[in-house]
Amino acid sequence: MKKIILIVIDGLGDDPIPQLKNKTPLEAAKTPNLDFFAKNGICGLVLPWIEKGKLPTSEDTHLAIFGYDPKKSNPGRGVLEVLGIGEKIKKEDVCFRGNFATVDENLIIIDRRAGRIEKTQPLIETLNEIGKGKLIIKRAFGHRVGVILRGKEFSEKVSSNDPKKVGVKVLKIEALNKKAKKTAEFLNSFLDKAHQILENHPENIKRKNEGLLPANYLLLRGAGRLKRVEKFLKKYKIKAGFIAGGTLYKGIGRFLGMEEIKVKRATGLISTNLKGKFLVARKNIKNFDFIFLHIKAADNLAEDGNFLGKKEFIEKIDKEIKILSGLKDTLIVVTGDHSTSSLQKSHSKNPVPILIYPFEGENIKKFSEKECKKGRLGKIKQIQLIKKIIEISRLCQK
Ligand code: ZN
């Protein structure tokens, strides 16, 4: 069996953009290296895992890529984020993802990200004092945090307090069943207290004096409890490592029992160390059978409606991916977790292009949504993808 490097470019697929002569960002991008891989490999389209009536989420689609049924295996975004931060989770812990926000005196949200505050540690320390070990806050990237409720009395069956838009009041946390009543009461009382303390926190007074938005409220969502899933190694008998900058993707790697391969300045942002990620993958593949390499920013750019930025970012990936072209006995797989529409500024249900290189070769012009449709791999359900990749790696017999 050949080794496998699976590169997931988050939100890779897109819609045709009028300003790009009706090409998608991937189609419009100059990608000689990806095109070479596509022409000398096998291509197709992946149908992302989508919960009925919803748009695909990154956590569900990633679980599906690795062959795990999201319905059974997804422990909730909170758990994956807390794992991604690097925290050990106890069995009874209820985890949330959270972020600092700015509200006015009537609890109307002014900014869901508190002016993208970075220095959150002093605020977190104060909140952890009032949480008294029952509510534990851990710093994540920027304005984001992971929140753990620790104690057997707590339930994950509670709603979020985040209305996900500005100009409206924060929501009360509601119990979704009788057993969760105490949890909702505890959280609502904590959040009230936290708001009062944050409002007058020296760090926030300093921010206000500097004309910055105070981080005076905590928004919580994605409540969940750790689930046990069969680890990747046990499920497929292949040793897997992961390279990721974004917290969620580190969390997914850890959740499935993959080993973290660290890369300096890998952040999940546009400025991430792409070259370093590919170099480290190239260097480390000798120690693994499989490396999952995640690249985030394409998704964020599309969500901001920045199709030009997405096109340029894909070109940057293409330039650096060349490092992987000379690797022996290794399959390079490039795909996305779902498509993200730069026009809709949201995830979309469109299929995602995929290439697997090297293989028999394809008679296509370039790596794009349109061309991959003609590929010999055809359309694959996301949940069957990993089996297909492993099958092809066995066919290669090297
Ligand atoms: Zn995604």
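Residues numbered from 1 in each chain as written. Predicted model: local features only at pLDDT ≥ 70, side-chain atom pairs only at ≥ 80, totals over all residues. Heavy atoms only, no water.

## Overview of helix 11 (residues 274-284)
Along helix 11, the residues classified as buried are Leu274, Gly276, Lys277, Phe278, Val280, Ala281 and Asn284. Those residues of helix 11 hidden inside the fold are in contact with strand 1 (3-9), strand 8 (240-243), strand 10 (290-295) and helix 13 (307-321). (Buried < 20%, exposed > 50% of the residue type's maximum accessible area, 1.4 Å probe, protein only. Helix = DSSP H or I, 4+ residues; strand = E, 2+ residues; numbered from the N terminus. Contact = heavy atoms within 4.5 Å.)

## Observations regarding the nonpolar core
Leu6, Phe66, Phe232, Leu256, Met258, Phe290 and Ile356 are the most contacted members of the largest nonpolar core, which has 44 residues in total. The element that contributes the greatest number of residues to this core is helix 15 (residues 385-396), accounting for 6 residues. Domain assignment of the residues forming this core places at least three in each of domain 1 (3-71 + 230-397) and domain 2 (82-224). Sequence-distant contacts of Leu256, defined by excluding residues within four places in its chain, comprise Leu63, Phe66, Tyr68, Val229, Lys231 and Phe232. (Core = buried A, V, L, I, M, F, W, Y, C linked by side-chain atoms within 4.5 Å. Domains from an automatic or database assignment.)

## What to know about the coordination of the zinc ion
Asp10 (OD), Ser58 (OG), Asp337 (OD) and His338 (NE2) make up the full set of protein donors to the zinc ion, lying at 2.0 to 2.1 Å. Bound by 4 donor atoms, the zinc ion shows angles of 99 to 129° at the metal and therefore tetrahedral coordination geometry. (Donors = N, O, S within 2.8 Å, 3.2 Å for Na, K, Ca; no water. Tetrahedral: all angles 85-135°; square planar, octahedral: opposite > 155°, others 65-115°.)

## Let's talk about the side chain of Ser393
Counting through the fold element by element, Ser393 comes out in helix 15. Of the residues examined, Ser393 reaches a relative accessible area of 0% and is grouped as buried. Here the side chain of Ser393 touches Ile390 through a polar contact of 2.8 Å, landing on its backbone oxygen. Those residues in contact with Ser393 that sit more than four places away from it in its chain are Met1, Lys2, Ile4 and Leu331. (Polar contact = N/O pair within 3.5 Å; in protein donor to acceptor, adjacent residues only side chain to side chain.)

## Topic: a positive patch on the surface
On the surface, Lys91, Lys152, Arg228 and Lys231 cluster together into a patch of positive charge. Within the fold, Lys231 resides in the loop between strand 7 (217-224) and helix 9 (232-236). By relative accessible area, Lys231 is classed as partly exposed at 36%. (Patch = residues over 30% accessible without salt bridge, like charges linked within 9 Å, V, L, I, M, F, W, Y side chains within 5 Å. Areas by Shrake-Rupley, 256 points an atom, 1.4 Å probe, with all protein chains shown as cover. Salt bridge = Lys/Arg side-chain N within 4 Å of Asp/Glu carboxyl O. Lys, Arg positive; Asp, Glu negative; His and termini not counted. Charge placed at Lys NZ, Arg CZ, Asp CG, Glu CD.)

## Quick notes on the sheet that holds strand 9 (residues 259-260)
Spatial strand order, 9-8-10-1-11-14-2-15: 8 strands in an open sheet with mixed pairing. In this open sheet, the two edge strands, each paired with only one partner strand, are strand 9 and strand 15 (378-381). By the bridge criterion, 6 bridges tie strand 1 to strand 11 (residues 330-335) in an arrangement that is parallel. By the bridge assignment, Leu6 is partnered in strand 11 with Val333. Along the sheet, helix 2 (residues 32-39) contacts strand 2 (42-47), strand 11 and strand 14 (352-357); its crossing angle with strand 14, the most-contacted strand, is approximately 70°. Across the sheet, helix 10 (residues 247-255) touches strand 8, strand 9 and strand 10, and the angle it forms with strand 8 is around 170°. (Pairing = 2+ DSSP bridges. Axes fitted to C-alpha atoms, helices over the stretch in contact; angles between N-to-C directions.)

## What about unusual backbone geometry?
Following Tyr357, the chain continues into Pro358 via a peptide bond in cis, with omega recorded as -5°. Position of Pro358 relative to the elements: it lies in the loop between strand 14 and helix 14 (369-372). Within the chain, Arg116 stands out as a residue other than glycine whose phi angle is a positive 50°. Turning to its location among the elements, Arg116 is positioned in the loop between strand 4 (109-111) and helix 6 (121-131). Classification of Arg116 by relative accessible area gives exposed; the value is 51%.

## A word on the packing of aromatic side chains
By the definition in use, this model includes 8 aromatic pairs. Taken together, a centroid distance of 6.4 Å and an interplanar angle of 75° make the contact between Phe66 and Phe290 edge-to-face. Highlighted residues: Phe66 in the loop between helix 3 (58-65) and helix 4 (70-73) and Phe290 in strand 10, separated in sequence by 224 residues. The residues Phe66 and Phe290 share a single accessibility class, namely buried. Site record: aromatic cluster; members linked through ring pairs are Phe66, Phe232, Tyr236, Phe290 and Phe292. Positioned above the aromatic ring of Tyr68, the side-chain terminus of Lys235 is 4.7 Å from the ring centre. Taking the ring centre of Phe288 as reference, the NZ or CZ of Lys239 above it sits at 4.7 Å. (Phe/Tyr/Trp six-rings, centres within 6.5 Å; stacked < 30°, edge-to-face > 60°. Lys NZ or Arg CZ within 6 Å of the ring centre and 35° of its normal.)

## Here we look at the side chain of Lys310
Mapped onto the elements, Lys310 comes out in helix 13. Looking at Lys310, its side chain comes within polar contact range of the main-chain oxygen of Gly13, at 3.0 Å. Setting aside residues no more than four positions away along its own chain, Lys310 makes contact with Gly11, Leu12, Gly13, Asp14, Pro25, Ala298, Leu301, Ala302, Thr340 and Ser342.

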